[in-house]
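Okay, here's what each chain looks like letter by letter:
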Amino acid sequence: MPTAGIDRPRPNQGNVLCLSTRTNPVMTKRADPTTIGREEVVPMAETIIDYQDTAVEVHRVVVGPVENNVYIVRCRETGDSLLIDAANEHDLLLELCRDLHVGQVVETHGHWDHIQAVEAVRNAGIDVAVTQADAAMLPSYDQILEDESTVSVGRLRVATIATPGHTPGSMCFAVEGTPLLFSGDTLFPGGPGNTAPEDADFGTIITSIEGRLFAAFAPNTLVLPGHGVSTTIGAESPHLDEWVERGW
Ligand SMILES: [Zn+2]
């Protein structure tokens, strides 16, 4: 049963980082580590649970000066997890990696605010993967993510979707068999991510959003962005023409 707090889209927030967060969070409780079992992991650090069903749970923490969302996707059958964006506050992220058995990190893109904890997690022995086009933005990395490939997380399969525009190597991630789509800074409630920087391109991000996201995912797909609150494909897709018209 989904427990996501899906906020209404906010049409005026499209071109900026969406910074209002923490609506209707379900906070996990601190627990005696001796009571932590494989079947019912309660992390020592508090996380927001954005979604859970019988197969998967999605933990989120908000870190750093521009409030980046860091997501941890956990297979409930095996307890293995994937962390999306080693953004910042590495001590917190390393604690979560340990408690939630994170074996792999994937990066949605290479912007500075999404990569501040990359070295710390690599030093802890966790592989970091990023697209070739954004790899040079990272201090270091372990693997290159290809488009239309799959990352295994326990029994879960996470599909990679190249969505250039915000950066040349921006990528979204979808957990197969679930309504979960992690959109990085490509799609927010109210519009695409910022395409003002030199290596960004508005036409390219629109093509990515239209072709790879709106055309490919069901309206009830939960879109979990790199900053701010979640939305759905169905809430955003009717507004594509307005975004093209306004040019951001
Ligand atoms: Zn960015």
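Here the residue numbering is sequential within each chain, running from 1 through the sequence in written order. The predicted origin of the model limits local features to residues at a pLDDT of at least 70 and limits the giving and counting of side-chain atom pairs to 80 or more, whereas totals for whole chains, interfaces and linings rest on all residues.

Caption draft 1: Inspection of the overall build of the protein chain at higher detail. Summing up its helical and strand segments, the protein chain has six helices and 15 strands in all. If you take every contact in the protein chain between residues at least 6 apart in sequence, the share linking residues at least 24 apart comes to 55%. Runs of E in the DSSP output that reach at least two residues are strands. Runs of H or I that reach at least four are helices, and both are numbered from the N terminus. For the purpose of contact definition, each residue receives a C-beta atom placed from its backbone, and two residues are in contact when these atoms lie within 7 Å.

Caption draft 2: View of the nonpolar core. Under the definition applied here, buried Ala, Val, Leu, Ile, Met, Phe, Trp, Tyr and Cys residues are grouped into a nonpolar core through C-beta atoms within 7 Å. Whether a residue is buried, exposed or partly exposed is read from the other C-beta atoms within 10 Å of its own C-beta, which are placed from the backbone; 20 or more gives buried, 12 or fewer gives exposed, and intermediate counts give partly exposed. Val73, Leu83, Ile84, Ala86, Val121, Leu180 and Leu181 are the most contacted members of the largest nonpolar core, which totals 56 residues. If we ignore the near neighbours within four places in the chain, the residues touching Leu180 are Tyr51, Val58, Ala174, Val175, Leu222 and Leu224.

Caption draft 3: Summary view of helix 4 (residues 202-214). Buried within helix 4 are the following residues: Ile205, Ser208, Ile209, Arg212 and Leu213. Angular distribution of buried residues about the axis of helix 4 spans 115 degrees; they occupy a single face of the element. Facing away from the buried side of helix 4 by more than 90 degrees, the exposed set consists of Gly203 and Gly211. Looking at the buried positions of helix 4, the neighbouring elements they touch are strand 9 (156-162), strand 10 (171-175), strand 12 (187-188), strand 13 (191-192) and helix 5 (233-236). What the arc describes is the spread of directions from the helix axis to the C-beta atoms.

Caption draft 4: Structural detail: the confidence of the model for the protein chain. Chain-level statistics for the protein chain give a pLDDT mean of 88 and a share of 82% at 70 or above. Values of pLDDT, which run from 0 to 100, indicate the predictor's confidence residue by residue. Contacts from residues 1-38, a stretch scored under 50 in pLDDT, to residues over four places away or in other chains number 81 contacts.

Caption draft 5: Spatial organisation of the pairing of strand 2 (residues 56-63). Counting buried positions over the eight residues of strand 2 gives eight, a clear majority of the element. Two strands pair when backbone bridges link them, and strand 1 (residues 48-52) and strand 2 are joined in this way by four bridges, in the antiparallel orientation. Paired with Ile49 across the strands is His59, a residue of strand 2. When DSSP finds at least two bridges between two strands, those strands are taken to pair. Taking the residues that link successive antiparallel strands as the turn, the strand 1-strand 2 hairpin has three residues. The sheet contact formed by strand 2 and strand 3 (residues 68-75) spans eight bridges and is antiparallel. When the bridges of strand 3 are listed, Val63 appears paired with Asn68. Two successive antiparallel strands, strand 2 and strand 3, enclose a turn made up of four residues, where Gly64 displays a positive phi of approximately 85 degrees.

Caption draft 6: Here's a closer look at the pairing of strand 4 (residues 81-84). Residues Ser81 and Leu83 of strand 4 are buried on one face, and the alternating residues Leu82 and Ile84, pointing to the opposite face, are buried as well. One ladder, built from four bridges, connects strand 3 with strand 4; its direction is antiparallel. Its bridge partner being in strand 4, Val73 is matched across the sheet by Leu82. Between strand 3 and strand 4, which pair antiparallel in sequence order, lie five residues; one of them, Gly79, sits at a positive phi of approximately 85 degrees. Relative to strand 5 (residues 102-106), strand 4 runs parallel, the two being bridged by four bridges. Counterpart to Leu83 in the pairing with strand 5 is Val105. Here, the term right-handed applies to a crossover whose path from the first strand over the helix to the second runs clockwise when the strands point away from the viewer. As a crossover connection, the stretch from strand 4 through helix 1 (residues 90-99) into strand 5 is right-handed.

Caption draft 7: Main features of the sheet that holds strand 2. Pairing within the open sheet is mixed, and its seven strands lie in the order 1-2-3-4-5-6-7. Single-partner strands in this sheet number two, and they are strand 1 and strand 7 (143-145). Sheet twist, expressed as the average angle between the axes of neighbouring strands with direction ignored, equals 25 degrees. An axis is simply a line fitted to the C-alpha atoms; with a helix, the fit covers only the stretch in contact. Between two such axes, the angle follows the N-to-C directions and lies from 0 to 180 degrees. Along the sheet, helix 1 makes contact with strand 2, strand 3, strand 4 and strand 5, crossing strand 2 at roughly 165 degrees.

Caption draft 8: Molecular detail of helix 1. Here helix 1 has its buried residues at Leu93, Leu96, Cys97 and Asp99. Looking at the buried residues of helix 1, the elements they touch are strand 2, strand 3, strand 4, strand 5 and helix 2 (118-123). A positive backbone phi angle near 55 degrees is found at His101, which sits one or two residues after helix 1.

Caption draft 9: Molecular detail of the sheet that holds strand 14 (residues 222-225). Taken together, six strands build an open sheet; the order of strands is 8-9-10-11-14-15 and the sheet is mixed. Only two strands of the sheet have a single partner each, and these edge strands are strand 8 (150-153) and strand 15 (231-232).

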